[in-house]
Each structure stands twice: as C-alpha cells, then as structure tokens.
2 protein chains.
Amino acid sequence: MFRDVLQNILDQTPGARSVILMGCDGIAVDAHYRDAVPAEETQGVAVEFATVIKELIHTANLLSVGALEEVTVKCDKLVIVLTMLNEDYFVALLFDESGNVGKGRYLLKRDAQALRDALD
Amino acid sequence: MFRDVLQNILDQTPGARSVILMGCDGIAVDAHYRDAVPAEETQGVAVEFATVIKELIHTANLLSVGALEEVTVKCDKLVIVLTMLNEDYFVALLFDESGNVGKGRYLLKRDAQALRDALD
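Heads up: these notes are all about the structure in this document. (Residues numbered from 1 in each chain as written. Chains lettered and ligands numbered in written order. Predicted model: local features only at pLDDT ≥ 70, side-chain atom pairs only at ≥ 80, totals over all residues. Heavy atoms only, no water.)

1. Section: the packing of helix 1 (residues 2–12) of chain B against helix 3 (residues 101–119) of chain B
Between two packed helices, what matters for the description is the angle formed by their axes and the separation of those axes. Residue and element names in this part refer to chain B. In the contact formed by helix 1 and helix 3, the axes pass within 9 Å of each other and the chain directions differ by 175°. Between helix 1 and helix 3, the angle is such that the two are roughly antiparallel. Residues Phe2, Val5, Leu6, Asn8, Ile9 and Gln12 of helix 1 form the contact with helix 3, whose own contacting residues are Lys103, Leu107, Leu108, Arg110, Asp111, Ala114, Leu115, Ala118 and Leu119. (Axes fitted to C-alpha atoms, helices over the stretch in contact; angles between N-to-C directions. Helix = DSSP H or I, 4+ residues; strand = E, 2+ residues; numbered from the N terminus. Parallel < 35°, antiparallel > 145°, perpendicular 65-115°, else oblique. Contact = heavy atoms within 4.5 Å.)

2. Observations concerning the interface of chain B and chain A
Taken together, the contact between chain B and chain A spans 27 residues of the former and 27 residues of the latter. Between chain B and chain A, a total of about 2,400 Å² is buried, with carbon and sulfur atoms accounting for 65% of that surface. Three residues stand out in chain B for area buried against chain A, namely Val65(B), Glu69(B) and Lys74(B), and they jointly supply 22% of the buried area on that side. Linking chain B with chain A are two salt bridges, by the criterion used here. The closest approach of N and O atoms between Lys74(B) and Glu69(A), which form a salt bridge, is 2.6 Å. Viewed at the interface, chain A and chain B are joined by nine residue pairs in polar contact (both at pLDDT 80 or more). Secondary structure elements with two or more residues in the side of chain B that touches chain A: helix 2 (39–63) and strand 3 (68–75) of chain B. Counting residues per element, the side of chain B that touches chain A draws most heavily on helix 2 of chain B, at twelve residues. With seven bridges connecting them, strand 3 (residues 68–75) of chain A and strand 3 of chain B associate as antiparallel partners. Across the sheet, the residue bridging to Val73(A) is Val71(B), located in strand 3 of chain B. (Buried area = accessible area lost by both parts, 1.4 Å probe. Salt bridge = Lys/Arg side-chain N within 4 Å of Asp/Glu carboxyl O. Polar contact = N/O pair within 3.5 Å; in protein donor to acceptor, adjacent residues only side chain to side chain. Pairing = 2+ DSSP bridges.)

3. Some thoughts on the side chain of Glu70(A)
Among the structural elements, Glu70(A) can be located in strand 3. Its relative accessible area of 8% is what places Glu70(A) among the buried residues. Not counting the four nearest positions on each side in its chain, Glu70(A) is found in contact with Val81(A), Leu82(A), Thr83(A), Arg105(A), Thr72(B), Val73(B) and Lys74(B). (Buried < 20%, exposed > 50% of the residue type's maximum accessible area, 1.4 Å probe, protein only.)

4. Overview of the sheet that holds strand 1 (residues 16–23) of chain B
Pairing within the open sheet is antiparallel, and its ten strands lie in the order 2(A)-1(A)-5(A)-4(A)-3(A)-3(B)-4(B)-5(B)-1(B)-2(B). Each end of this open sheet is capped by a strand with a single partner; those strands are strand 2 (28–33) of chain A together with strand 2 (28–33) of chain B. Each strand axis lies, on average, 10° off the axis of its neighbour in the sheet, ignoring direction. Where strand 1 of chain B meets strand 2 of chain B, five bridges bridge the pair, whose relative direction is antiparallel. Paired with Leu21(B) across the bridge in strand 2 of chain B is Asp30(B). In the packing of helix 2 (residues 39–63) of chain A onto the sheet, contacts are made with strand 1 (16–23), strand 2, strand 3, strand 4 (79–84) and strand 5 (89–95) of chain A together with strand 3 of chain B, and the angle to strand 1 of chain A comes to roughly 55°. Helix 3 of chain B contacts strand 1, strand 3, strand 4 (79–84) and strand 5 (89–95) of chain B of the sheet and is inclined by roughly 150° relative to strand 5 of chain B.

5. Some details on the pattern of salt bridges
Taken as a whole and judged by the stated rule, the model has twelve salt bridges over all chains. Across the pair Arg17(A) and Asp96(A) runs a salt bridge whose closest N-O atoms are separated by 3.0 Å. One end of the pair, Arg17(A), is in strand 1; the other, Asp96(A), is in the loop between strand 5 and helix 3 (101–119), and 79 residues separate them in sequence. Its relative accessible area of 21% is what places Arg17(A) among the partly exposed residues. On the accessibility criterion, Asp96(A) (24% relative accessible area) is partly exposed. In this structure, the salt-bridge partner of Asp111(B) is Arg110(B), at a minimum N-O distance of 3.0 Å. Residue classification places Asp111(B) among the buried positions, given a relative accessible area of 10%. In this structure Arg110(B) comes out as partly exposed when scored by relative accessible area, which is 39%. Bridged by salt links that share partners, the residues Arg17(A), Glu41(A) and Asp96(A) form one connected network.

Structure representation (structure tokens):
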C-alpha cells in the first residue's frame, strides 16, 4: 500500500516535513507529516502547486518536450520536490531549508513505481 | 558584462543546449546557444516558462514561504533550471536528457551575483 511507502520516504529523508500523494485536481489521496507540522500547511501548499503542475503539463505538451517527470521548487523557507506518478497523480515532498533534498529526490524516484502500482 | 558570464556557464556545462537571461515579462535580455541549437527553440521555451515563473512567484507570496530562488523542471526530452536573479529577471539553462544538471545548477548559483551586478 502507498501508506507504508510514503511513511518510509518521510522517515528516511532528513529535514523532510511532510509527504503527500495528490491528484492534479488538488484532491489529496494520502499524506504523512512529521510531528509538529500542521496538516493544513502541507495540504495548502500541495493544492497551490497542483495548479502549477497543471500549467507545466500544458507547457510541456505545447513545447513537445515529452511528459513532465519532476519539478523542484526552492523558495527561501521551503523546498518542494514533486514527482509525477502518471498524468493524473503526483507525490510531493516538502523540506525545511536544511533538508536533504538530494536524498528525498532519490527516494521519490526509487519508490515511484511502487506508488504507481499501489494506485492501480 | 553578463555576455561573458552566460557564455562561460554554457561552455562549462556538459550537455547544456542554451542559456538565456530573461525578464519575467518574457522578454529576453541575452541568450547563447550551442551550435545546431535553433535560437527560436530556447526563446520559445523560456517565454512559456516565464509564465510559470510568474505563477510560482504568486504562489510563494500566497503561501508566505519566502522569495522564489530556483526551479528545476524535468521532462522526458528536456531539463530546464531557472535561477531567479531578482524579482524581475531569471536565467534559464536548458539541457539534453544527458546533460550534467548538477554542474549547471552549481554554475548558475556561483555566477548569479555576477549576473545581478551586471544587470544593475
């Protein structure tokens, strides 16, 4: 089940705040949080980024550069890595400024197929 | 001048196709290309991504996560790294699938201040 896969990604990534599996329509499938991270925070961030993901899918189509695979956005106080699972769903990992983004990206890539299988 | 800085980033990044300094309004300031890369390709891609950057700046403001610093978008046939220079300008580096994205990101970060100084 994707529940265990998501929890494992969160547990193994230093500085990860939360992980969320979401539809591109902004509706969450499952989410896991570190202690003291409010659920609304992750949900709110992911919903806003779902809008950006839809825009990027449209842009990639328009430019004929193949399917969108991964997006990393670094802001002053947040880093978010979004990995597409298929054209309708993505998984997003949110980090503190001090988070190990490289490891998180690796784990998302490693476990993307397991999450796809669990979604089917 | 940013001309030399941009050319240097392109030359030193294996698999980089082109580099472009652009306003968030989609108007290019300067661009450099590897041989055989059509100028229109980079221009077209960067203009589309300028729209996404504007959306992301808006999203970052809305979520109070600090200023947007860097965006990496990986598609099947293109990787693009966009580094913000200030709230009005960004530099974008475009790669083949086989490009050394890590090195490109490092060079953009290293030279961002030189590009800011040249813009002022």
